[in-house]
Amino acid sequence: METERSYALLVFGCQMNIHDAERIAGILEEAGWRETEPGQAEAVILLTCCVRQSAEERLYGRLASLRPLKEERGTLIAVGGCLAQKEGTRLLEKAPHVDLVFGTHQFPRIAELLDEASRSRLCELGMDGLHLSGLPFRRREGFRAWVTITHGCDNFCAYCVVPFVRGREVSRPIEEVLEEVGRLVEEGVREVNLLGQNVNSYRLREEGRSRFAELLRLMGCEFPGVWVRFTTSHPRDFDRRIMEAIAETENVCEHVHLPLQAGSDRILKAMNRGYGVEDYLCKVEELRRMVRGVVVSTDLMVGFPGETEEDFKRTLELVERCAFDAAFTFIYNPRPGTASARLKDDVPREVKLERLQRLADLTRRLTAESLRRRVGGVERALVEGPSRKDDKVWRARTRGNQVVHFPRGEEDLTGREVRVRITGSGSWSMRGDIVDVY
Ligand code: SAM
Ligand code: SF4
């Protein structure tokens, strides 16, 4: 009798990797594999990120901890994703217990690659296109889904490795996206997240103009009962048409993640971001005018080569003027192969750390203020499930992507839309009382 084959998936990095993992799980399960713990699995698959050095270091640490499994149980170890793409055969040399290295365009072939790797070690890195149409996936959350609309990136920001490890930007056809969303809605999905490194340039390369605003409006016409979110928006391509589409499409949520990176024109230019400070600020002001109550979040980086104290102060000033509702803050580190890796990494580590601290203090205060401003109001939110810290309260996410907790009753509200009166707020979340359930 043929025994069932089992796999474990360990995922590092961003939403792209988490979504790739959903595809891998779907493909393997269709091929008769089932998911289990790493200690029990025939194959352990690590999906990796290499955008920042810290993610890369964590991966190597985790990989080392899997060595006993290889030695004691003969577990097949596979490494895929961005770091695999970047390191290739070097990874096989550095980690002799790894059997398979597969790149970012290879995961649709995962079942056959695992079979081949069980016979001899293998490295597959071809980037000859990624066809997602019809590929199965297994979602981790019942009511929420991620839908890739573009993969790869053409922007070549000076610090960023993504274009090298994920390839050229390719947009999926509009019909394919709508068809996938339609299937998800039939399965009961209540929230769809449109995913791309720069969703604002959706179809730009294929058709010579962005059709992202149109896609948002189509999502409104075709799936009016489903909340629509999207990430990430590149500020350069974030235009009035997109703002209007957000404002005028009822089911598109009032949240835009618009990574600023730095607040000095000189540094933005060196980063090859394609926008300046005034340009960015005008867009945020216009967005706040057009979309009432919109939540604006951002990514910020300190310590890019050549960043002076003056440059950094400009970042602090701009962050304050934009009054970001949420922010992710990072320390610059050079990634091999990128344009900025050729520049001298001249901001000392202790200066980077000190700037990160000052920036994080500011963004923490702005987030707390943003949450406090909502106290007294009523927010629409989707319930994610019981709070991880206190199972007597529900955890829900508002239209603006902010977290609110409220007391739990008998009824299971997971995946349901509720209205919550906000009664209090903390550093990262709000508290409230339920008003009604839809
Ligand atoms: N496509 C998105 C955009 O353009 O905003 C960003 C994707 S990137 C995976 C997420 C964030 O990682 C970036 O916004 C940037 O702040 C940060 N990041 C990228 N490369 C970095 C580097 N070399 N050092 C530090 N942070 C980096
Ligand atoms: Fe990287 Fe820039 Fe592309 Fe974002 S837009 S993935 S930061 S190159």
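Residues numbered from 1 in each chain as written. Chains lettered and ligands numbered in written order. Predicted model: local features only at pLDDT ≥ 70, side-chain atom pairs only at ≥ 80, totals over all residues. Heavy atoms only, no water.

> It is not clear to me how the pairing of strand E19 (residues 429-437) should be interpreted in this structure. Could you clarify?
Looking along a regular strand, one sees the side chains alternate between the two faces of the sheet. Both strand E17 (residues 403-407) and E19 contribute to a ladder of three bridges, which runs parallel. Within E19, the residue paired with valine 404 across the bridge is methionine 430. Between the end of strand E18 (residues 417-425) and the start of E19, which pair antiparallel, lie three residues. (Pairing = 2+ DSSP bridges. Helix = DSSP H or I, 4+ residues; strand = E, 2+ residues; numbered from the N terminus.)

> Is there a simple way to explain the environment of aspartate 361 in this structure?
Along the polypeptide, aspartate 361 turns up in helix H15 (residues 349-373). Residues aspartate 361 and lysine 389 lie 28 residues apart in sequence; the distance between their C-alpha atoms is 24 Å. Separated by 3.3 Å, the side chains of aspartate 361 and arginine 364 make a polar contact. (Polar contact = N/O pair within 3.5 Å; in protein donor to acceptor, adjacent residues only side chain to side chain.)

> What exactly am I supposed to notice about the packing of helix H1 (residues 15-30) against helix H6 (residues 110-119) here?
Remark: H1 packs on H6, axes separated minimally by 9 Å, with the N-to-C direction vectors making an angle of 70°. It follows from the interaxial angle that H1 and H6 lie roughly perpendicular. Contacts between H1 and H6 pair Ile24, Ile27 and Leu28 from the former with Ile110, Ala111 and Leu114 from the latter. For the contact of H1 with H6, the residue count by class is six nonpolar, no polar and no charged. (Axes fitted to C-alpha atoms, helices over the stretch in contact; angles between N-to-C directions. Parallel < 35°, antiparallel > 145°, perpendicular 65-115°, else oblique. Contact = heavy atoms within 4.5 Å. Nonpolar A, V, L, I, M, F, W, Y, C, P; charged D, E, K, R; others polar.)

> I would appreciate a short explanation of the site of ligand 2 in the present structure.
Lining the immediate surroundings of ligand 2 are Cys153, Asn155, Phe156, Cys157, Tyr159, Cys160, Val162, Pro163, Gln197, His234 and Arg273. Looking at the shell around ligand 2 residue by residue, the classes come out as seven nonpolar, three polar and one charged. (Near = heavy atom within 4 Å.)

> Just to check I follow, could you spell out the sheet that holds strand E2 (residues 33-35) for this structure?
Strand order in the open sheet formed by six strands is E2-E1-E3-E4-E5-E6, and the pairing between neighbours is parallel. The open sheet has two free edges, formed respectively by E2 and strand E6 (122-124), since each of these has just one partner strand. On average, each strand axis in the sheet is inclined to that of its neighbour by 20°, with strand direction left out of account. Here six bridges tie strand E3 (residues 43-48) to strand E4 (residues 76-81), and the two strands are oriented parallel to one another. Within the sheet, the bridge partner assigned to valine 44 lies in E4 and is isoleucine 77. Docked against the sheet, helix H2 (residues 53-65) engages strand E1 (5-11), E3 and E4, running at close to 170° with respect to E3.

> Please explain the site of ligand 1 as it appears in this structure.
Within the structure, ligand 1 sits among 15 residues, and Arg52, Pro259, Gln261, Asp299 and Asn333 are positioned closest to it. Glutamine 261 places a side-chain nitrogen or oxygen 2.7 Å from an oxygen atom of ligand 1. Between ligand 1 and aspartate 299 there is a distance of 2.6 Å, counted from an oxygen atom to a side-chain nitrogen or oxygen. Summarising the interface, the protein chains cover 92% of the accessible area of ligand 1, which totals 570 Å² for the free molecule. Elements that contribute at least two residues to the shell around ligand 1 include exactly strand E13 (295-302) and strand E14 (326-331). Tallied by class, the residues present in the shell around ligand 1 amount to seven nonpolar, four polar and four charged. Two domains each put at least three residues into the shell around ligand 1: domain 2 (139-253) and domain 3 (256-372). (Areas by Shrake-Rupley, 256 points an atom, 1.4 Å probe, with all protein chains shown as cover. Domains from an automatic or database assignment.)

> I tried to follow the environment of isoleucine 331 on my own but got confused; where do I start?
For isoleucine 331, the location among the structural elements is in strand E14. By relative accessible area, isoleucine 331 is classed as buried at 16%. Placed 24 residues apart in sequence, isoleucine 331 and arginine 355 show a C-alpha to C-alpha distance of 8.8 Å. Aside from chain neighbours lying at most four places away, what touches isoleucine 331 is Met301, Val302, Arg349, Lys352, Leu353 and Leu356. (Buried < 20%, exposed > 50% of the residue type's maximum accessible area, 1.4 Å probe, protein only.)

> Is there a simple way to think about the pattern of salt bridges in this case?
Two side chains of opposite charge can pair, provided their charged atoms sit close to one another. Taken as a whole and assessed by the stated rule, the structure comprises 52 salt bridges. Among the ionic pairs, glutamate 417 bridges to arginine 190, the shortest N-O distance being 3.5 Å. One end of the pair, glutamate 417, is in strand E18; the other, arginine 190, is in the loop between helix H8 (174-186) and strand E10 (191-195), with 227 residues separating them in the sequence. Taking relative accessible area as the criterion, arginine 190 reaches 21% and is therefore assigned partly exposed. A salt bridge links arginine 365 to glutamate 320; the nearest nitrogen and oxygen atoms lie 3.0 Å apart. One end of the pair, arginine 365, is in helix H15; the other, glutamate 320, is in helix H14 (residues 309-322), and 45 residues separate them in sequence. What makes arginine 365 partly exposed here is its relative accessible area of 37%. Overlapping salt bridges bring together Glu56, Lys86, Glu87, Arg90, Lys94 and Arg335 as one network. (Salt bridge = Lys/Arg side-chain N within 4 Å of Asp/Glu carboxyl O.)

> Would you mind going over the sheet that holds strand E11 (residues 227-231) with me for this structure?
Picture the strands of a sheet paired through backbone hydrogen bonds; they go either parallel or antiparallel. In spatial order, the strands read E7-E10-E11; together these three strands make up an open sheet with parallel pairing. Of all strands in the sheet, those with a lone pairing partner are strand E7 (144-148) and E11, marking the two edges. Neighbour to neighbour, the strand axes of the sheet diverge by 25° on average, direction disregarded. Across five bridges, the pairing between E7 and E10 is parallel. Residue arginine 144 lies in a different strand from E10, and its bridge partner there is glutamate 191. On top of the sheet, H1 reaches E7 and E10; it is set at about 100° to E7, its chief contact. Strands in contact with H8 are E7 and E10; relative to E7, the strand with the most contacts, it is inclined by about 165°.

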